[in-house]
Amino acid sequence: MNLTVVVTGPIDPSPDEARSLMQRELLKPEYYEDDLILRLLNWLDRLLSRGIDAAIDLPAVSVFAAMLIAVLLMGGLAWLVSRAQGAARAPRGTHAVLTDEVITAAQLRARAQAALADGRHEDAMTDGFRALAVRQVERGRLDNSPGTTAQEAARALGGEYPSFRTRIGGTAALFDAVMYGDRAASRDQAADVLELDDEIGSRR
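A few points on the structure.

Rules and cut-offs
- Residues numbered from 1 in each chain as written.
- Predicted model: local features only at pLDDT ≥ 70, side-chain atom pairs only at ≥ 80, totals over all residues.
- Heavy atoms only, no water.
- Core = buried A, V, L, I, M, F, W, Y, C linked by side-chain atoms within 4.5 Å.
- Buried < 20%, exposed > 50% of the residue type's maximum accessible area, 1.4 Å probe, protein only.
- Helix = DSSP H or I, 4+ residues; strand = E, 2+ residues; numbered from the N terminus.
- Expected span 1.5 Å × (residues − 1).
- Contact = heavy atoms within 4.5 Å.
- Arc of directions from axis to C-beta.
- Phe/Tyr/Trp six-rings, centres within 6.5 Å; stacked < 30°, edge-to-face > 60°.
- Salt bridge = Lys/Arg side-chain N within 4 Å of Asp/Glu carboxyl O.

**Looking at the nonpolar core**
If you look at the biggest cluster of nonpolar residues, it comprises 33 residues, and the most contacted ones within it are Val-97, Leu-98, Met-125, Phe-129, Leu-142, Ile-168 and Ile-200. Of all the elements in the fold, those that place two or more residues in this core are helix H4 (105-117), helix H5 (121-138), helix H6 (150-160), helix H7 (165-180) and helix H8 (187-201). If one sorts the elements of this core by residue count, H5 sits on top with eight residues.

Okay, here's the thing in structure tokens:
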């Protein structure tokens, strides 16, 4: 005996509507607060409850389709939550000024000067600060530790050059803001980094 199941009404919500609902829900600012997982689970519970209530009057095929949509939603939400948690754990303003790149202070300085001449002030500023840090590594005033952050380098150099402590700290903060905070740098700021490198470099 052949069993034919007839769907008498549309699936509510449809796959496209479900994706749209999920996207709109996740755009709400409250999902970026500390209780992200709890809020997502509560929203999913409400969505599934509405789906189950609506599925009571639908044929078996419609119920199966609704369950499949729910599983896909849960998988998508789990992926989004994992990405959000990873982004939340990433430190901000603690990025490396000393890297694994094999390069001398003179090369970094030349790169910074070329960027300044081309009007690429952000590149000039960041390469200038890296040149300053690498020069101090070459002089034995700063440990050669790839992964050293701008703030760590500033604290170490502030101890070596107390009269420059405030200026070095401000330059390190600017480095982080420009490199990782999408802040623009001016020509004067880029030139000031190179000037600071010269002034510190002239100290014995």
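**Regarding H7**
Between its first and last C-alpha atoms H7 spans 22 Å; for 16 residues at 1.5 Å apiece the expected length is 22 Å, and the two agree. Restricting attention to buried positions, one finds in H7 the residues Ile-168, Thr-171, Ala-172, Leu-174, Phe-175, Asp-176 and Val-178. Its buried side turned inward, H7 meets H5, H6 and H8. Just beyond H7, the residue with positive phi is Asp-182, at close to 60°.

**Comments concerning H6**
Among all positions of H6, only Ala-150, Ala-153, Ala-154, Leu-157 and Gly-158 are buried. Along the long axis of H6, the arc covered by the buried residues comes to 135°, so they all point the same way. Residues of H6 that are buried sit in contact with H5 and H7.

**Things to note about the environment of Arg-135**
Examined against the element boundaries, Arg-135 turns out to sit in helix H5. Looking at Arg-135, the relative accessible area reads 22%, which means it is partly exposed. A C-alpha to C-alpha distance of 7.9 Å links Arg-135 and Ala-106, two positions 29 residues apart in sequence. Arg-135 has contacts with Ala-105, Arg-109, Asp-197 and Gly-201, leaving out every residue within four places of it along the chain.

**Some points on the packing of aromatic side chains**
Considering all chains together, one arrives at one aromatic pair under this definition. Note on Phe-129 and Phe-175: the rings are 5.5 Å apart at their centroids and 45° apart in plane angle, and the pair reads as tilted. With a gap of 46 residues between them, Phe-129 in helix H5 and Phe-175 in helix H7 connect regions that are remote in the sequence. Relative accessible area serves as the criterion here: at 0%, Phe-129 is assigned to the buried category. Of the residues examined, Phe-175 reaches a relative accessible area of 0% and is grouped as buried.

**What to know about the pattern of salt bridges**
A side chain of one charge can pair with a side chain of the opposite charge when the charged atoms of the two come close. Taken as a whole, this structure holds 11 salt bridges when the rule is applied. Between Arg-135 and Asp-197 there is a salt bridge, with the nearest N and O atoms lying 2.9 Å from each other. Residue Arg-135 is found in helix H5, and its partner Asp-197 is found in helix H8; the two are separated by 62 residues along the sequence. A residue is classified by how much of its surface remains accessible, and Asp-197, at 2% relative accessible area, is buried. Notably, a salt bridge pairs Glu-160 with Arg-141, separated by 3.6 Å at the nearest N-O pair. Residue Glu-160 is found in helix H6, and its partner Arg-141 is found in the loop between H5 and H6; the two are separated by 19 residues along the sequence. The class of Glu-160 is partly exposed, set by a relative accessible area of 37%. Within the structure, one salt-bridge network assembled from shared partners comprises Arg-109, Arg-135, Asp-197 and Asp-198.

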